[in-house]
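# Descriptive structure summary
What follows is each chain in one-letter form.
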Amino acid sequence: MALLVFGQRAAALQRFDAMLALVPDDRYALGSLAHVRAQLGDKAGAIEALHRLVAVHPGHAAAWFNLGYLLDETGQKAEAESAFRQATRLEPKMDRAWYGLALILIHERRFDEAVEALRHNTELQPMSPYGWYQLARVHADRHEPDEAVKIIRHLKGFEPKVAAQLERETGLRIAPSA
């Protein structure tokens, strides 16, 4: 990792490859290799390393999440959904995996499932506006303005800018509290 800190990514890749030649199933080396490849823009190489990692360490929730993230970024939505679902099965409190899953489901217009994933995300990260924002948008898309308004009101309490953005985007206007 010291090589990475000093910008020696190519040298770091050589070291990880050397480690994997000796111990092909090394969790640290596979994860680090995926990380460096992703940093270098080699998403295919990163995905390959993560596939190797989850094949030999199927209980590694973070690896499943990272795999889902990269698969989503490369447009492999069905595979990304599967990886995010595996991450949430292994680590039900991994809020970012629930959020990633929700984004896939929203993209697929599978709003009922997206609501469920976003509920998990907002329960785990109640002060993060991202899940709340997406949840309000899904309710608006489902023609459930009352649910979206509740969320916008909630967001006004701690993220007024996000609440205002939702009001603009959805056309829902929430009167100020008296």
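Anything mentioned here points back to the structure above.
### Thoughts on the nonpolar core
Formed by 50 residues in total, the largest nonpolar core has its most connected members in Leu50, Leu67, Leu118, Leu155 and Leu166. Here this core takes eight residues from helix α7 (residues 95-107), the largest share from any one element. The residues contacting leucine 67, other than those within four sequence positions of it, are Ile47, Leu50, His51, Val54 and Ala83.

### What about the layout of surface pockets?
Empty space within the largest pocket amounts to approximately 170 Å³. Mapped onto the lining of the largest pocket, the elements with two or more residues apiece are α3 (27-39), α4 (43-56) and α5 (61-73). The class makeup of the residues in the lining of the largest pocket is eight nonpolar, four polar and one charged.

### Topic: the packing of helix α6 (residues 77-90) against α7
Any two packed helices are characterised by how steeply their axes cross, that is the angle between the axes, and by the distance between the axes. The interhelical angle for the contact between α6 and α7, taken along N-to-C directions, is 150°, at an axis separation of 9 Å. Judged on the interaxial angle alone, α7 and α6 are roughly antiparallel. α7 is crossed by α6, and the crossing has left-handed handedness. Note on element contacts: α7 touches α6 through Ala97, Trp98, Gly100, Leu101, Ile104, Leu105 and His107, opposite Lys77, Ala80, Glu81, Phe84, Arg85, Ala87 and Thr88. Broken down by class, the residue content of the contact of α6 with α7 amounts to eight nonpolar, three polar and three charged.

About the cut-offs
Residues numbered from 1 in each chain as written. Predicted model: local features only at pLDDT ≥ 70, side-chain atom pairs only at ≥ 80, totals over all residues. Heavy atoms only, no water. Core = buried A, V, L, I, M, F, W, Y, C linked by side-chain atoms within 4.5 Å. Buried < 20%, exposed > 50% of the residue type's maximum accessible area, 1.4 Å probe, protein only. Helix = DSSP H or I, 4+ residues; strand = E, 2+ residues; numbered from the N terminus. Contact = heavy atoms within 4.5 Å. 1 Å grid on protein atoms, 1.4 Å probe; cavity = no way out; pocket = protein on both sides within 12 Å on 5 of 7 lines; lining within 4 Å. Points joined across faces, edges and corners; volume = space filled by probe spheres on them. Nonpolar A, V, L, I, M, F, W, Y, C, P; charged D, E, K, R; others polar. Axes fitted to C-alpha atoms, helices over the stretch in contact; angles between N-to-C directions. Parallel < 35°, antiparallel > 145°, perpendicular 65-115°, else oblique. Left-handed = near helix turned anticlockwise from the far one by under 90°.

Taken by themselves, the reported measurements are silent on function.
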